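Examining the three-dimensional arrangement
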Amino acid sequence: MDTISRMIRFLFKYLFVAIPSFIALLFAILSIGCSQDPFSSDRPPVEPNRTDRPDVNAVASISRNHIASTTANPSVTADWPALFGSDRTSTSEHRFPHLWSADGPKLAWEVVAGTGYGSPVTASNRVVFNYRSGDTEVVQCHHVTDGELIWQHRYPTTAVCDFKYSNGPYSTPVIDADHHRVFNIGGEGQFSCLNFDTGKVNWVRNLHTEYGVQADIFPVGASPLLDQETQRPGGQLIFNLGAIDRDAGIISLDPATGETIWEASDQGPSYGTPFVATIHSQRFAFVLTDQGLVSLNPDSGDMDWFVEFRRKGDLVRNATSPLVIGNKVLVVSSGLGAICLEVQPDRSYTQLWRQRRTLDSQYNTLILADQHVYSFTSSRQGGAEFRCIEVEKGEMKWTYPSVLKRGMGLASPDAILLLGERGHLASLALNPDAPQVLSFTEKPLMSEPCYCSPAIYGDYLILKDEQRVAAFCLAE
């Protein structure tokens, strides 16, 4: 009897210990097998709430490189005439300084501004930005170095956002310095051309009224592309209008007169910006609409193909602009991840890779440098992260969680400058092997939420939130 009792106790003890352990092991194996995010175990369980300290070795290295490069190649004036810069890759060849104290770079000037997520743009020692004050939208121009007001253009608006976000404007102006023009799109689709020197109206079209475009849940957020490489004299403006019923989802306008050149697509608008590139000695325009990616000939408006890329749901919108890397096109969207297509000589495409969780930016900058893309993920448990992705295979090189949360940024040949949505300013070494912090402000420089992209002009950094526009001198 004692033997039987011992056997029963042993059996119960074995079952009590082994079976739960086996179940836990099986669950862990299944979890690893189902996970699409190889860095999920590195994500902090809670969102970081403290700023990071600079990497001493990285700071010393970039200091030597910066001195050598600026001595060998004297600094040249660098402007930022459109959203994400002149080539739409959020990079600049100008080596502006990336090191500052915990208090941040020196404030050069600041002015009061209103709501909206349109970003500042710069050219010819001037900065242009838009905002909303009451029932009026404003386009404003200042000197970059001293902040002196040059001109201001105002027009009425009734645009309304159905959610907690502001009522706009969301679109970013474009500067055409060669022809002394500024192009601006209001929250209700008012497309205007202003004189860059005086702010006077050259022409204006109320596109939503003309084309019968119904107001969306957010004010108009797409920004136009100034395409000056077309054979047509004077270039063209390409814009994702979204006039579905008129087969004018994408349109081209004459920059000089505002007249329509061509219309294409029956798809609605996104909140991104077109990208025009030459691939295989042929010109392409890539536009992310509300349904997915459209490829067309920018000189005629003839469509090549369409790839569906949208998350199902009434409240979901595509908002991250496509990026071209050589003969590849990268498209990113929150909830969908990223898809990379390779354009073929016959204007068709093949899909290189698709990753759901590697990079799922919601609206954030895609920064291109040396066949790597740097960007923020959307918010999730533990907060958003800044990541480095190798383009060829879509492999994640590193991930960097921080108090920045999500953010916008731009890069020089040495480093990446980031403005977090809480208003902190940081810089990281441009290193695809590891995230290395160079500078990080202890306190926010701007007011939360910061959804506007930064702009540069030489060594001046221009930041904008929904209360003010501020210029900082990075060289002091």
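Data block above holds the structure.
The structure reproduced in this document is the subject of the present report. From a predicted model like this one, the values you see are computed outputs, not experimental measurements. (Residues numbered from 1 in each chain as written. Predicted model: local features only at pLDDT ≥ 70, side-chain atom pairs only at ≥ 80, totals over all residues. Heavy atoms only, no water.)

Observations regarding the overall build of the protein chain
The test is simple: Here a strand is any run of E in DSSP of at least two residues, a helix any run of H or I of at least four, and the numbering for each starts at the N terminus. Relative accessibility under 20% of the residue-type maximum defines a buried residue, over 50% an exposed one, and the middle range a partly exposed one, all with a 1.4 Å probe and only protein chains included. Should any heavy atoms of two residues lie within 4.5 Å, those residues are considered in contact.
Within the protein chain, the regular secondary structure consists of three helices and 32 strands. Counting the 476 residues in the protein chain, one finds 56% classified as buried. Nonlocal contacts in the protein chain, meaning residues at least 24 apart in sequence, comprise 57% of its contacts between residues at least 6 apart.

Re the sheet that holds strand β31 (residues 460-464)
Note the following rule: Strands pair, by our definition, only if DSSP identifies at least two bridges between them. Note on geometry: axes are lines fitted to C-alpha atoms, helical ones only across the stretch in contact, with angles between N-to-C directions running from 0 to 180 degrees.
Strand order in the open sheet formed by four strands is β1-β32-β31-β30, with antiparallel pairing between adjacent strands. The sheet is open, and its two edges are formed by β1 (106-112) and β30 (455-457), each paired on a single side. Recorded for the sheet is a direction-independent mean angle of 20 degrees between the axes of neighbouring strands. Across six bridges, the pairing between β1 and strand β32 (residues 468-473) is antiparallel.

Notes on the pairing of strand β17 (residues 303-308)
Two faces belong to every sheet, and in a regular strand the side chains alternate between them. Pairing analysis gives five bridges linking strand β16 (residues 292-296) to β17, with the strands arranged antiparallel. Within β17, the position partnered with V294 by the bridge is F306. A loop of six residues connects β16 with β17, the two strands running antiparallel in sequence, and G301 in this loop sits at a positive phi of about 85 degrees.

Quick word on the nonpolar core
Under the convention used in this document: Only buried residues count toward a nonpolar core. Its members are Ala, Val, Leu, Ile, Met, Phe, Trp, Tyr and Cys residues joined through side-chain atoms within 4.5 Å.
By size, the foremost hydrophobic cluster in this structure holds 32 residues, and its most contacted members are F129, L417, M446, I456, L461, I462 and V469. Secondary-structure elements contributing two or more residues to this core are β1, β3 (126-133), β27 (415-420), β30, β31 and β32. Of all the elements, β32 adds the most residues to this core, at five residues. Apart from the residues within four sequence positions on either side, V469 is in contact with W109, E110, V111, A113, F129, I462, L463 and K464. If you look at the next biggest cluster of nonpolar residues, it comprises 31 residues, including F275, W305, V332 and V373.

Concerning the packing of aromatic side chains
For clarity, the threshold we go by: Paired rings are identified among Phe, Tyr and Trp, the last through its six-membered ring, by centres lying within 6.5 Å, and are further divided according to the angle between planes into stacked (under 30 degrees), edge-to-face (over 60) and tilted (the rest).
Counted by the stated rule, this structure contains 18 aromatic pairs. Ring centres of W305 and Y349 lie 4.5 Å apart, and the angle between their planes is 45 degrees; this geometry places the pair in the tilted category. Here Y349 lies in strand β21 (residues 349-355) and W305 lies in strand β17, a separation of 44 residues in the sequence. Where Y374 meets W398, the ring centres are 5.9 Å apart and the plane angle is 50 degrees; that geometry is what we call tilted. With a gap of 24 residues between them, Y374 in strand β23 (residues 372-376) and W398 in strand β25 (residues 395-401) connect regions that are remote in the sequence. According to the relative accessible area criterion, Y374 is buried, its value standing at 1%. Residue classification places W398 among the buried residues on the basis of a relative accessible area of 3%. Joined through ring pairs, the aromatic side chains of Y117, F163, Y165, Y170, F218, Y271, Y363 and Y451 make up one cluster.

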